[in-house]
Amino acid sequence: MSSIQHPHFRFAYDDAGDGQPILFIHGYPLNRKMWQPQLAEFYTLSHRVIVPDLRGHGDSSPTEGEYSMDLLAEDCAYLLDQLGIKQPIAICGLSMGGYIAFAFLRKFPQKVKALILTATRAAPDSPEAKEKRIQAVQQVQTSGLQPIIESMLPRLISEHTQHTNSSLIAELQNIMEATSIPAVVGDLKGMMSRPDSRPLLADIKIPALIIHGKDDALIPLQEAEEMHNAIHGSRFVIIENAAHLPNLEAPSQFNSHLRSFLESLP
Ligand code: MLT
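Just so we're clear, the structure is a prediction, and the values are computed from it rather than from any experiment. (Residues numbered from 1 in each chain as written. Predicted model: local features only at pLDDT ≥ 70, side-chain atom pairs only at ≥ 80, totals over all residues. Heavy atoms only, no water.)

Chemist: Give a detailed account of the layout of surface pockets, specifying residues and quantitative values.
Modeler: The calculated volume of the largest pocket comes to roughly 690 Å³. For the largest pocket, the lining is made up of 26 residues, of which Lys132, Arg133, Met152, Arg155 and Leu218 are closest to its centre. For the lining of the largest pocket, the secondary-structure elements that each account for two or more residues are helix 3 (96–107), helix 4 (127–143), helix 5 (146–156) and helix 8 (181–192). (1 Å grid on protein atoms, 1.4 Å probe; cavity = no way out; pocket = protein on both sides within 12 Å on 5 of 7 lines; lining within 4 Å. Points joined across faces, edges and corners; volume = space filled by probe spheres on them. Helix = DSSP H or I, 4+ residues; strand = E, 2+ residues; numbered from the N terminus.)

Chemist: An account of the side chain of glutamate 249 is requested, with residue identities and associated values reported.
Modeler: Position of glutamate 249 among the secondary structure elements: in helix 11 (residues 246–249). Buried and without a salt bridge, glutamate 249 has arginine 155 as its closest oppositely charged side chain, separated by 12 Å. In terms of polar contacts, glutamate 249 uses its side chain to reach the backbone amide nitrogen of serine 158, at 2.8 Å. Non-local contacts of glutamate 249, meaning those with residues more than four positions away in its chain, are made with Leu156, Ile157, Ser158, Thr161, Leu168, Asn241, Ala242, Ala243 and His244. (Buried < 20%, exposed > 50% of the residue type's maximum accessible area, 1.4 Å probe, protein only. Lys, Arg positive; Asp, Glu negative; His and termini not counted. Salt bridge = Lys/Arg side-chain N within 4 Å of Asp/Glu carboxyl O. Polar contact = N/O pair within 3.5 Å; in protein donor to acceptor, adjacent residues only side chain to side chain. Contact = heavy atoms within 4.5 Å.)

Chemist: I'd love a proper account of unusual backbone geometry, names of residues and values included.
Modeler: Cis geometry is found at the peptide bond from tyrosine 28 to proline 29, where omega equals -10°. By the secondary structure assignment, proline 29 is in the loop between strand 3 (20–25) and helix 1 (36–42). A positive phi angle, close to 50°, is found at alanine 119, a residue other than glycine. Note on placement: alanine 119 falls in the loop between strand 6 (112–118) and helix 4. Among the residues examined, alanine 119 registers a relative accessible area of 0% and is labelled buried.

Structure follows, in structure tokens:
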């Protein structure tokens, strides 16, 4: 792990390998450790792998207030600048990381060479989803992280994964416990106010790969299919027996699809 000082927080990240840079952006309420199977494989394969802990997550220190998707995308751009990365990058975002990837693409289109959208959606929150976020903010402020972890954990991975990889549950619990309360609140407020990214999809001209777990209980498969239909020329991969974390539930399948996509890039 390395870190730099951002003007507002200590910014932790992993940076390994040489070659085409690929930025992995984690989901909520997780951190860079969720990309361990990808970091381990891709830095040896002619890629420079950059994996930040978003502010307030993992080893990055928190700030108060809303973490808008734009703010988190700007943080990622700041890190790339500080690391001297000038060439366009591939971005792989999972769930909230995908929302941030859309914000990054809107703000810095010239910095993006390819997009990997996993377990994510382009649509904004529905009124019901916003209401749930408001309740979750109240819950975390009054009762801390545990109730959120307990309600999310079983929904993140498929029944198949629960039966075949029980150690992943403990790992995820540790990852979630490393998220600060300001970050949970900041993420929830940022996600509920994120814009609709669907109008962006038809304008995406760079290569795009969409990877989704078939059993995703948080973001239905159909939403990924709709993104695929709207992004011209995109590849679409469905991972069987995986839910919201296909990169951890089926790492070798996930990596092999990602590798073949990266190898196809001009
Ligand atoms: C995530 O995994 O990042 C979140 O579940 C996304 C969301 O709550 O919309």
